[in-house]
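One-letter residues, chain by chain:
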Amino acid sequence: MEAQKHKLETTLTLALERFHISEDYGFLLPNPLKELPDHYKPWMEIANKLPHLIESHQLRTHVNKMPLLNCHFLKSYREQRLAHLVLSCITMGYVWQEGETQPEQSLPRNLALPFVEVSRSLGLPPILVHSDLVLTNWAQRNSEGPLEIRNLDTIISFPGGESLRGFVLVTVLVEKAAVPGIKAIVQAESAILQPNQDSLLHALQRLRLSIQDISRALGQMHDYVDPDIFYAVIRIFLSGWKDNPAMPLGLIYEGVSKEPLEYSGGSAAQSTVLQAFDAFLGVSHSKESADFLHRMRDYMPPAHKAFLEEIHSAPSLREYILSSGNSQLCTAYNQCVEALAKLRSYHIAVVTKYLISAAAKAKVRRKSHLPGPPQALEDRGTGGTAVLSFLKSVRDKTLESILHQSA
């Protein structure tokens with residue numbers, strides 16, 4: 001029995017490693033780098049002072065004086081990931097330094113050329129994505145300490161102080177909570193192939209618990225992120241130049257393209273976690289929602305996108321359970337679907353608080369130290385979707401996946 005368990009764990013580790021998924025950290029990059037080689041000191045000096053440079057309206061001046069650096073000295077994958085984080089954060093600050101009323105329409109070549117070069121190497125778009133802001137942007141204060149907010153810090157920051165830190169790090173903890181669920185998917189697919197119904201049942205139970213843990217981790221957003229600061233200060237720096245009325249034409253990347261390029265801003269849909277759960281559970285979304293979710297895969301590290309494709313090509317869990325006639329498996333499957341729908345309902349409540357309610361408050365706010373309310377993405381997510389209708393559709397379609405056992 002012990003040998004069989006060891007074999008399963010070995011298979012699991014090998015399966016995850018193929019897709020740049022960590023046994024301990026899931027889709028999070030394990031122990032991200034905090035420093036680039038000395039050649040890239042000009043980038044790091046700007047990135048480490050980003051909140052101050054943006055708030056004092058000096059960032060564009062500093063970037064315009066920055067030397068054009070070659071990406072050849074980025075030797076490792078982790079160096080490239082840090083470079084993408086650094087350049088994407090500088091880019092968002094450069095474009096949005098003066099707020100949504102005066103976005104910068106073009107990126108200077110000394111920023112655009114290396115950003116596009118490192119993006120091509122990684123297979124990521126040249127804009128801030130979830131894998132930058134969250135997956136690569138965390139560090140433990142004490143490497144021996146627990147993965148809790150008090151023992152974590154961001155590597156690169158934006159204006160927003162503790163609320164910005166909380167927003168990033170709570171999302172890091174959401175990703176960490178998903179790790180047992182990701183492992184459960186691999187275990188379940190193996191159990192279907194064997195087939196081993198006991199192993200599959202155990203995997204489904206682990207997946208349900210992981211989804212419930214994700215909801216609990218997300219709940220920490222209320223403790224660490226002020227809705228007014230998120231809405232008025234932080235949100236603009238997550239906004240892109242596709243489906244954004246503030247930048248209807250996109251952004252020119254000097255030295256790369258004479259025509260403006262369009263890229264979506266950050267979105268929770270760029271996290272591989274929920275898309276992996278959907279693919280495994282066989283949740284089908286409306287065409288509009290499915291098209292958006294599918295497009296967001298191009299904003300994920302290619303190995304993570306390949307993981308989703310691998311799940312899609314694996315034997316169908318739903319079909320296996322229906323053909324098995326095993327009522328325990330059917331119940332366990334439905335509990336996973338219900339937990340996922342509940343998580344999505346909770347996400348709707350969080351978005352309502354941090355976007356819809358915060359927008360309403362910002363409109364009636366008179367004298368305040370906070371910037372005026374952004375207009376361009378008022379009812380939209382930073383990814384460009386009509387956010388509440390999208391989230392409700394995704395939640396409702398999740399519930400429709402519940403299997404009804406025949407008598």
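Residues numbered from 1 in each chain as written. Predicted model: local features only at pLDDT ≥ 70, side-chain atom pairs only at ≥ 80, totals over all residues. Heavy atoms only, no water.

The next thing to look at is the pattern of salt bridges. Counted according to the given criterion, the structure contains 14 salt bridges. A salt bridge links aspartate 396 to arginine 395; the shortest N-O distance between them is 2.7 Å. By relative accessible area, which is 18% here, arginine 395 ends up buried. Where salt bridges share partners, they join Arg141, Asp153, Glu162 and Arg165 into one cluster. (Salt bridge = Lys/Arg side-chain N within 4 Å of Asp/Glu carboxyl O. Buried < 20%, exposed > 50% of the residue type's maximum accessible area, 1.4 Å probe, protein only.)

As a further point, take the packing of aromatic side chains. Using the criterion set out here, one finds 9 aromatic pairs in the structure. Ring centres of phenylalanine 230 and tyrosine 354 lie 6.0 Å apart, and the angle between their planes is 90°; on these two criteria the pair is classed as edge-to-face. You can see phenylalanine 230 sitting in helix α12 (residues 227-234) and its partner tyrosine 354 sitting in helix α17 (residues 327-364), a full 124 residues away along the chain. A single burial state applies to phenylalanine 230 and to tyrosine 354, both of which are buried. Their ring planes at 85° and their centres at 6.0 Å tell us that tyrosine 253 and tyrosine 263 sit as a pair that is edge-to-face. Of this pair, tyrosine 253 sits in strand β4 (residues 252-253) while tyrosine 263 sits in the loop between β4 and α13 (272-281), placing them 10 residues apart in sequence. As far as the burial class goes, tyrosine 253 and tyrosine 263 line up, both buried. Put simply, the rings of Phe19, Phe27 and Phe307 touch in pairs and so form one group of aromatic residues. (Phe/Tyr/Trp six-rings, centres within 6.5 Å; stacked < 30°, edge-to-face > 60°. Helix = DSSP H or I, 4+ residues; strand = E, 2+ residues; numbered from the N terminus.)

With that settled, the discussion passes to helix α16 (residues 317-324). Turning to α16, its buried residues number three or more, namely Leu317, Tyr320 and Ile321. The arc that holds the buried residues of α16, viewed along the axis, is 95°, so those residues lie on one side. Exposed and facing more than 90 degrees away from the buried side of α16 are Glu319, Leu322 and Ser323. Capping of α16 at its N-terminal end is provided by serine 316; its side-chain oxygen lies 3.4 Å from the backbone amide nitrogen of arginine 318. One or two steps after α16, the chain reaches glycine 325, where phi turns positive at roughly 65°. (Arc of directions from axis to C-beta. Polar contact = N/O pair within 3.5 Å; in protein donor to acceptor, adjacent residues only side chain to side chain.)

Within the fold, serine 88 resides in helix α5 (residues 77-96). Owing to a relative accessible area of 0%, serine 88 belongs among the buried residues under this scheme. Among residues more than four places away in sequence, those in contact with serine 88 are Phe115, Ile127, Leu128 and Asp132. (Contact = heavy atoms within 4.5 Å.)

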